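# Geometric and topological summary
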Amino acid sequence: MTPRLYFDGSLAEAVQVELDDAAAHHATTVLRLRSDDEIELFNGDGWRYRARLQLQRRGRAGARIERRYRADTDSGIDVLLAQAVATADKMDWVIEKAVELGVSAIQPIAAARSLARLDAARAERRQTHWQRVIVAACMQCGRDRLPTLSAVQPLAPWLAGRA
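Scope of this entry: the structure provided in the associated data block. Every chain is numbered independently, its residues counted from 1 as its sequence is written. Note on the predicted model: pLDDT of at least 70 is required for a residue's local features to be given, and 80 or more for side-chain atom pairs to be given and counted; whole-chain, interface and lining totals, by contrast, use all residues. Heavy atoms from the whole structure form the basis of all side-chain values; hydrogens and water molecules are not counted.

### Structural notes on the packing of helix α2 (residues 88–101) against helix α3 (residues 120–141)
Between α2 and α3, the least distance of the axes is 9 Å, while the angle of their chain directions is 40 degrees. Put simply, α2 runs oblique to α3. Pair α2 / α3 crosses with right-handed handedness. Contacts between α2 and α3 involve A88, M91, D92, I95, E96, V99 and E100 from the former and R126, H129, W130, V133, I134, A137, C138 and C141 from the latter. Under this grouping Gly is polar, as are all residues other than the nonpolar Ala, Val, Leu, Ile, Met, Phe, Trp, Tyr, Cys and Pro and the charged Asp, Glu, Lys and Arg. When the residues that make up the contact of α2 with α3 are grouped by side-chain class, the tally is ten nonpolar, one polar and four charged. Structural elements are reduced to axes, namely lines fitted to C-alpha atoms, with helices fitted over the stretch in contact, and the angle between N-to-C directions of any two is expressed from 0 to 180 degrees. Secondary structure is summarised from DSSP: a helix means a run of H or I of at least four residues, a strand means a run of E of at least two, and numbering begins at the N terminus for each. Roughly parallel here means an angle under 35 degrees, roughly antiparallel means over 145, roughly perpendicular means 65 to 115, and every remaining angle is called oblique. For any helix crossing, the convention is left-handed if the near helix is rotated counterclockwise from the far helix by under a right angle, and right-handed if that rotation is clockwise. Contacts are assigned to residue pairs with any non-hydrogen atoms lying within 4.5 Å of each other.

Below, the structure is given as structure tokens:
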């Protein structure tokens, strides 16, 4: 199986891109790929980009995109998961499995009886973390579109907005 990496930016055929630190580290240190190894990039736009890894100076890597193609990995059914915020490990697991099952959007809910309480600063940090969980799950399961992750909202206002 060709290694998949997430690229946060626009991609096109026949261009050279520089991978961010996390993707470069994953490719070179975790996967132990070498220069000119074949990789697959995705950025959440629904396309896959076949590329060749280009090792650069210490710790940096790029990719030369050869072609783009569609794999149609999404079901075509829009599924929204409204999930009460759970403790850290449980919430990560729920988000990961939801992505793998094909949800198109995730709405974290601040429920009155939830054990996890998030102030504004912590909610923002968790939001960033959950986005990384979504990217990792898409890399792992082969999805080409990233599910939408909304900001944490209390249940009553979220329900009122849905009516």
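### Some points on the side chain of Q107
Residue position: Q107 is located in strand β7 (residues 105–110). Buried, partly exposed and exposed residues are distinguished by accessible area as a fraction of the type maximum, computed with a 1.4 Å probe on protein chains only: under 20%, between the cut-offs, and over 50%, respectively. Here Q107 falls in the buried class, since its relative accessible area comes to 4%. The term polar contact refers here to a pair of N or O atoms within 3.5 Å; inside protein, the definition further demands a hydrogen-donor-capable atom paired with an acceptor-capable atom, and it admits residues adjacent in sequence only when both atoms are side-chain atoms. In terms of polar contacts, Q107 uses its side chain to reach the backbone carbonyl oxygen of A151, at 2.8 Å.

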